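Here are the chains, one letter per residue:
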Amino acid sequence: MDERTILDAHELEINLGPQHPATHGVLQVKLKLDGERVLDAECVIGYLHRGVEKISENRNYVKCVPYYDRTDYIAAVSNVYGYILGVEKMMEIEVPERAQYIRIMMTEFNRIASHLLWLATHALDIGALTVFLYCFREREEILKLFEALFGARLTTHAFRMGGLWMDLPEGFVDEARKFIDDFPKKVDEYEQLLTNNRIWIDRTKGVGVISGEEAVDFGLSGGVLRGSGVNYDVRKQRPYGGYDRFDFDVPLGDNGDTYDRYLVRVEEMRQSRRIIQQVLDRLPDGPIRGKVPRVLKPPVGEYYSGIESPRGELGYYIVSDGSAVPFRVRIRPPTFINLQALRRLVKGLLVADVIAVIGTLDVVLGEIDR
Amino acid sequence: METVLTYVIIPFIKIGIVAGVVLLGVAYLTYMERKVLGHIQVRLGPMRVGWHGLLQPIADGLKFVIKEDIIPLRADALIYSIAPLISFIPALLVFSVIPFGPPQAFENLLRWVLPFFLSQAAVENVVKSTVATGGFVADINIGVLLVLSVSSVGILGIILGGWASNSKYPLLGALRSSAQMVSYEVALGFTVLSVLLIPQTLSLVEIVQKQQESGVWYVFLQPVAFVLFFVCGLAETNRNPFDLPEAESELVGGFHTEYSGFRFAIYFLAEYTNMITISAMATILFWGGWLRPFPNVAWLGFLDLVPGFIWFMAKVFVFLYIFIWIRGTLPRLRFDQLMQYGWKVFLPLALANLMVTAAILLLV
């Protein structure tokens, strides 16, 4: 408390969180304030630490899977997908085409659901109440689809080694089609409330600016990186699981501010819809599960499987010692790495902007703390 | 006997009615807000307590009463406990001068009721005075000033409450609200002033009567002032998009973070009462108070069958709806932007509007 502020008053230190409605979970940010201006911000994490990586060292490869549902619980499907792709790569398991298509479809549905939740809470933080409930209305439809196929809405345990647990249930394709046909109108609705709204622009433009170069230096990924205009999407750079078969654009921002990140993510929802549409149009028949040995014992070695989760590059670095239990699983959580930019982004801004920046980084504490 | 009746008994009955109507109105304003917001957001709002949730405000009130009243250990207990009242009492006091109806609103009623108790001459004596017959508690010649000054006392309650909590978030909230309300009051005052130039009176009743004489509501003469008044009113009452003092996502709850139980409820009552005040003031200053639409067009005379109270309430209701509608649509401004709008946009506009009005009135 020795540092003096411009007006020669003591600086005010407040705890934003861990019990705070806008920190999206149990994130604690220690803010040093001069009036309302932020002098410094320090993130305190770990309130949700469950030791998922360590637990994985004591379970066999199959039994690990449900734990990854619970890291990034908003994008459970993507998280399981990344791990399963890694193990399949280690074991050289062939996945039938139909299963690949369905996996991509469900992952993209998950991306939309995750972005909807992000938009909902981000808008709510900035005070737009109604967008919140509109987004949840659509997310509900997606969760119903999840329930139909996976039997669960949030912690889905979506995929199995070599394919899927079961084929699409009856009527699923029609429901999915109905959703994606309506969806662009719904996105227009959100945009109508926000994109050209003077207050929304005032609140987000020029807030939390980070240049592309700096974003790369920080190791940021996902919408945060693309908002700064860096064209990096794992789906395009290192296509996995059959993504190279589908057309989609990678939206990019110009200024790297909160507004651009908003535009990028909204456009990503539209692109995800495009991918789902192509999947539904070209969905092949066939088996949904490849040949998988009863006990998975990958050969000795180190493997990395990176996918584009809704929040950025999600990596699984798996070390095998030849036994049925992984020697080490290290997760590269995109939001953990994105969050480190918070301090850099909020310095000199106002308290209200801190909330906007936390929102735009799209953090999920389950993944940060693991 | 007549004097006591005219100046004590009847006014007290009216005070009781006004206080009752306002408090009930406030309670049901919370219900209306939840219902309207609910339907804007494709959900139903309260549905469980009573038919379509109609008893919800009563249930809420009861809940607040039975909740524990917590006073933080380090708080300044005395100021902490009276601060909500400092907010609420002025908010209610303002209604003493708000005219809900014309000066002769109760004349027929009194002429019908009083002969049961008094002689004919005494009845005439009572009915002569607008204190007895008027659709208001008091008609004083500085009504507008009273509304503006008394309602700004309410800010004290917020500042004191935030300060006395001895906690960081409420302090920030209180600082914000004091800065915000003080700066918007300036612009608000100037917009009111530019209206007052036309009727040249500060009595709220006379302002409406002048609108009747001239046959035009002042909103058509002062559209800019009306918009400014309404926006500044939003800021004055801490409503979205200016609800920074209690910005839930930033300051948890703002100045009332530490409050619980009925003291918390009193802050809310004060806020909603202020909403009604601003709506009522907008109605009186700009939309002709209790007057029917086109007050001087004779063939629309059948509209007079609807009493002035109803017209007044209907207009207030429309403004309250707009308050809620705005809340359901707009995000929240940031604090520095809010101050910028207040001092760099609204105040110059209000001043310019005042100058133009004065110049025109001088020339015409």
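Definitions and cut-offs
- Residues numbered from 1 in each chain as written.
- Chains lettered and ligands numbered in written order.
- Predicted model: local features only at pLDDT ≥ 70, side-chain atom pairs only at ≥ 80, totals over all residues.
- Helix = DSSP H or I, 4+ residues; strand = E, 2+ residues; numbered from the N terminus.
- Rg over C-alpha atoms; globule rule 2.2 N^0.38 Å.
- Buried ≥ 20, exposed ≤ 12 C-beta atoms within 10 Å, placed from the backbone.
- Contact = placed C-beta atoms within 7 Å.
- Pairing = 2+ DSSP bridges.
- Axes fitted to C-alpha atoms, helices over the stretch in contact; angles between N-to-C directions.
- Parallel < 35°, antiparallel > 145°, perpendicular 65-115°, else oblique.
- Left-handed = near helix turned anticlockwise from the far one by under 90°.
- Nonpolar A, V, L, I, M, F, W, Y, C, P; charged D, E, K, R; others polar.
- Expected span 1.5 Å × (residues − 1).
- Core = buried A, V, L, I, M, F, W, Y, C linked by C-beta atoms within 7 Å.
- pLDDT = per-residue confidence, 0-100.
- Arc of directions from axis to C-beta.

(A) Seen up close, the overall build of chain B. Per the secondary structure count, chain B includes 15 helices and zero strands. In summary, chain B has a C-alpha radius of gyration of 22 Å against a globular reference of 21 Å for 364 residues, a match within 12%. Along the longest, intermediate and shortest principal axes, the C-alpha atoms of chain B span 65 × 55 × 40 Å. The 364 residues of chain B split such that 45% are buried. Across chain B, every contact between residues at least 6 apart in sequence was considered, and the portion connecting residues at least 24 apart equals 80%.

(B) A look at the sheet that holds strand β6 (residues 301-309) of chain A. Residue and element names in this part refer to chain A. In spatial order, the strands read β6-β7-β8; together these three strands make up an open sheet with antiparallel pairing. At either end of the open sheet lies a strand with only one pairing partner, and these are β6 and β8 (328-332). Adjacent strand axes in the sheet meet at a mean angle of 15° when their direction is disregarded. Of the pairings in the sheet, the one linking strand β7 (residues 312-320) to β8 comprises five bridges and is antiparallel in character.

(C) Region of the structure containing the packing of helix α1 (residues 2-40) of chain B against helix α14 (residues 308-329) of chain B. Residue and element names in this part refer to chain B. Interhelical geometry of α1 versus α14 gives an angle of 45° and a closest axis separation of 10 Å. For the element pair α1 / α14, the angle class is oblique. Both α1 and α14 take part in a crossing whose hand is right-handed. Contact residues: α1 offers Leu29, Met32, Glu33, Val36, Leu37 and Ile40, while α14 offers Leu320, Tyr321, Ile324, Arg327 and Gly328. In the contact of α1 with α14, the residues fall into eight nonpolar, one polar and two charged.

(D) Broad picture of the pairing of strand β3 (residues 37-44) of chain A. Residue and element names in this part refer to chain A. Sheet topology note: the strand β2 (residues 28-34)/β3 ladder contains seven bridges and is antiparallel. Within the sheet, the bridge partner assigned to Lys30 lies in β3 and is Glu42. Linking β2 to β3, which pair antiparallel, is a turn of two residues; within it Gly35 sits at a positive phi near 65°.

(E) Fine view of the sheet that holds strand β1 (residues 12-16) of chain A. Residues and elements named next belong to chain A. Strand order in the open sheet made by the three strands is β1-β2-β3, with antiparallel pairing throughout. Two strands in the sheet have a free side with no partner beyond their single neighbour: β1 and β3. Averaged over neighbouring strand pairs, the angle between their axes works out to 20° when direction is ignored.

(F) Just unusual backbone geometry, in detail. Of note, the phi angle at His157 of chain A is positive, near 45°, even though the residue is not glycine. Looking at the secondary structure, you find His157 of chain A in the loop between α5 (129-150) and β4 (159-160). We classify His157 of chain A as partly exposed; it has 18 C-beta atoms within 10 Å. For Val42 of chain B, which is not a glycine, the phi torsion comes out positive at approximately 45°. Note on placement: Val42 of chain B falls in the loop between α1 and α2 (56-66). Here Val42 of chain B falls in the exposed class, since 11 other C-beta atoms lie within 10 Å of it.

(G) Spotlight on helix α7 (residues 143-164) of chain B. Taking 1.5 Å per residue, 22 residues should reach 32 Å; α7 of chain B reaches 32 Å between its end C-alpha atoms and fits that length. Trailing α7 of chain B by a residue or two, Asn166 of chain B shows a phi angle of about 55°, which is positive.

(H) Region of interest: the nonpolar core. Counting 186 residues, the largest nonpolar core has Val80 and Val354 of chain A as its most contacted members. The dominant element in this core, judged by the number of residues it contributes, is helix α4 (residues 97-126) of chain A, at 17 residues. With near-sequence residues (within four places) excluded, Val80 of chain A lies in contact with Val65, Tyr68, Asp69, His157, Ala158 and Phe159 of chain A. Grouped together as the second largest cluster of nonpolar side chains are eight residues, Leu5, Leu114, Val126 and Ala132 of chain B included.

(I) Region of the structure containing the confidence of the model for chain A. Across chain A, the average pLDDT comes to 86, with 97% of residues at or above 70. At the low end of the mean pLDDT range in chain A sits β1 of chain A, at 79; at the high end sits helix α11 (residues 258-282) of chain A, at 90.

(J) Helix α9 (residues 204-214) of chain B, seen in detail. Residue and element names in this part refer to chain B. When we look at burial in α9, the residues that qualify are Leu204, Val205, Ile207, Val208 and Gln211. Seen along its axis, α9 keeps its buried residues to an arc of 165°; they face one direction. Gly215 lies just past α9 and shows a positive phi near 75°.

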